[in-house]
Amino acid sequence: MFEIHYKVRLRCGDRLVTVSVFTPDKASNEVILAQAKVRGVEFLAQIGNKVEESDFTLVSIQDCGPWPTF
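Each value, and the rule that gives it
Residues numbered from 1 in each chain as written. Predicted model: local features only at pLDDT ≥ 70, side-chain atom pairs only at ≥ 80, totals over all residues. Heavy atoms only, no water. Pairing = 2+ DSSP bridges. Helix = DSSP H or I, 4+ residues; strand = E, 2+ residues; numbered from the N terminus. Core = buried A, V, L, I, M, F, W, Y, C linked by side-chain atoms within 4.5 Å. Buried < 20%, exposed > 50% of the residue type's maximum accessible area, 1.4 Å probe, protein only. Contact = heavy atoms within 4.5 Å. Axes fitted to C-alpha atoms, helices over the stretch in contact; angles between N-to-C directions.

Enquirer: Explain the pairing of strand S1 (residues 2-12) to me, please; I cannot follow it from the model alone.
Expert: Looking down a regular strand, the side chains alternate between one sheet face and the other. As judged from the 11 bridges shared by S1 and strand S3 (residues 56-68), these two strands associate in the antiparallel manner. The residue bridging Leu10 from the neighbouring strand is Leu58, located in S3. As judged from the nine bridges shared by S1 and strand S2 (residues 15-23), these two strands associate in the antiparallel manner. Looking at the pairing, Cys12 lines up with Arg15 of S2. The hairpin formed by S1 and S2 contains two residues between the paired strands, and Gly13 there has a positive phi angle of roughly 65°.

Structure (structure tokens):
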């Protein structure tokens, strides 16, 4: 079984954040961006930064193709 892997680059202030998003099949940019923002908030929270999803702007979305799931 496979999921589609997307590499998403987001800007948050002066930071550039790259996160991976996995979807069961092809997804719209809006769905990918929404998931990426959630992951970005979680990531920055782990390193002590409090941000909101609205603080992020999209830089790029790269479709990395199928990713095997086990």
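Enquirer: Looking at this structure, I do not really get the nonpolar core. What am I missing?
Expert: One broad rule of soluble globular proteins: the nonpolar side chains tend to lie buried together. In terms of nonpolar packing, the biggest core is built from 14 residues, with Tyr6, Val8, Leu10, Val21, Ala36, Leu44 and Phe56 touching the most fellow members. Those elements that provide at least two residues to this core are S1, S2 and helix H1 (29-46). Sorting elements by how many residues they give to this core places S1 first, with five residues. Look past the residues within four positions of Val8 in its chain and what remains in contact with it is Val17, Thr18, Val19, Val21, Ile32, Ala36, Leu58, Ser60 and Ile61.

Enquirer: Sorry, what's going on with the sheet that holds S2 here?
Expert: Sheet strands line up and pair through hydrogen bonds in the backbone, either parallel or antiparallel. Within the open sheet, the three strands sit side by side as S2-S1-S3. Their pairing is antiparallel. Strands at the two margins of the open sheet, each flanked by one partner only, are S2 and S3. Adjacent strand axes in the sheet meet at a mean angle of 20°, parallel and antiparallel pairs treated alike. Contacts from H1 reach S1, S2 and S3 within the one sheet, and its direction differs from that of S2 by about 125°.

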